[in-house]
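# Topology and contacts: notes
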Amino acid sequence: MRDLKALGAEVGAQLKARGEKVAVAESSSGGLISAALLGVPGASAYYLGGAVVYTGKARMSLLEIPREAVAGMRSASEPYALLLARTVRERFGADWGISETGAAGPTGNGYGDPPGHTCIALSGPVELATTLRTGSDDREANMEAFAAAALELLKRATVEA
């Protein structure tokens, strides 16, 4: 968690310096992305809010994304992650929306993805999506790896944008 906190502080400082705000929609990282960003005093300068969108019901209730919008999409896929990132960005009026959706473990998900599989997406001045496979079934380690990868993606994008 110390590494996540340091990474969250670094990303938060970049956002603050740029005067930009972020919103988060995460799933199998279980809130760790938000926790890393919020673990820094003054986080309200850049963090607007977020949700742990762990189920279809949460997606519909928290982000108001209807079933029709995800028809034909697997939840642990880059297109789905982009939909979440775009939606959370729009709903919160943020400069950046970041999302994560995958299978932390110790087993895979119902779509056939193995434990340690996640898709991360970023929507903002640039859009990026990536897939990470840790090859591990260690749930806690995967959750931390997923959060770190999401924060690294945001860090890279805020430098490049």
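Residues numbered from 1 in each chain as written. Predicted model: local features only at pLDDT ≥ 70, side-chain atom pairs only at ≥ 80, totals over all residues. Heavy atoms only, no water.

### So, the environment of Leu38
Rules: Numbering goes from the N terminus for both helices and strands, where a helix is a DSSP run of H or I of at least four residues and a strand is a run of E of at least two. Throughout, a residue-residue contact means that at least one pair of heavy atoms, one from each residue, lies within 4.5 Å.
Mapped onto the elements of the fold, Leu38 is located in helix H2 (residues 32-38). Taking the C-alpha atoms as reference points, Leu38 and Gly110, separated by 72 residues in sequence, lie 31 Å from one another. In this view, Leu38 contacts Ala43 and Tyr47; residues no more than four positions away in its chain are not counted.

### Here we look at the sheet that holds strand S4 (residues 117-123)
Put simply, the test is: Two strands qualify as a pair provided that DSSP identifies no fewer than 2 bridges between them. Angles run from 0 to 180 degrees between N-to-C directions of axes, and those axes are lines fitted to C-alpha atoms, restricted for helices to the stretch in contact.
Sheet architecture is open: five strands sit in the order S2-S1-S3-S4-S5, paired in mixed fashion. The sheet terminates laterally at strand S2 (47-52) and strand S5 (127-133), the two strands that pair on one side only. Direction aside, the axes of adjacent strands within the sheet are offset by 10 degrees on average. Bridge count between strand S1 (residues 22-26) and S2: five bridges; the pairing is parallel.

### Quick notes on the pattern of salt bridges
Here is the rule we go by: Salt bridges, as used here, are contacts in which a Lys or Arg side-chain nitrogen is within 4 Å of a carboxyl oxygen on Asp or Glu. Only protein chains enter the accessibility calculation, which uses a 1.4 Å probe; a residue is then buried when its area is under 20% of its type maximum, exposed when over 50%, and partly exposed in between.
Counted according to the given criterion, the structure contains six salt bridges. Between Glu20 and Arg18 there is a salt bridge, with its nearest N and O atoms 2.8 Å apart. You can call Glu20 buried: its relative accessible area is 11%. Residues Glu160 and Arg156 are paired through a salt bridge, measuring 4.0 Å at the closest nitrogen-oxygen approach. Remark: Arg156 and Glu160 occur in helix H5 (residues 139-160); sequence separation between them is four residues, near one turn of the helix. Accessibility expressed as a relative area gives 58% for Glu160, which makes it exposed.

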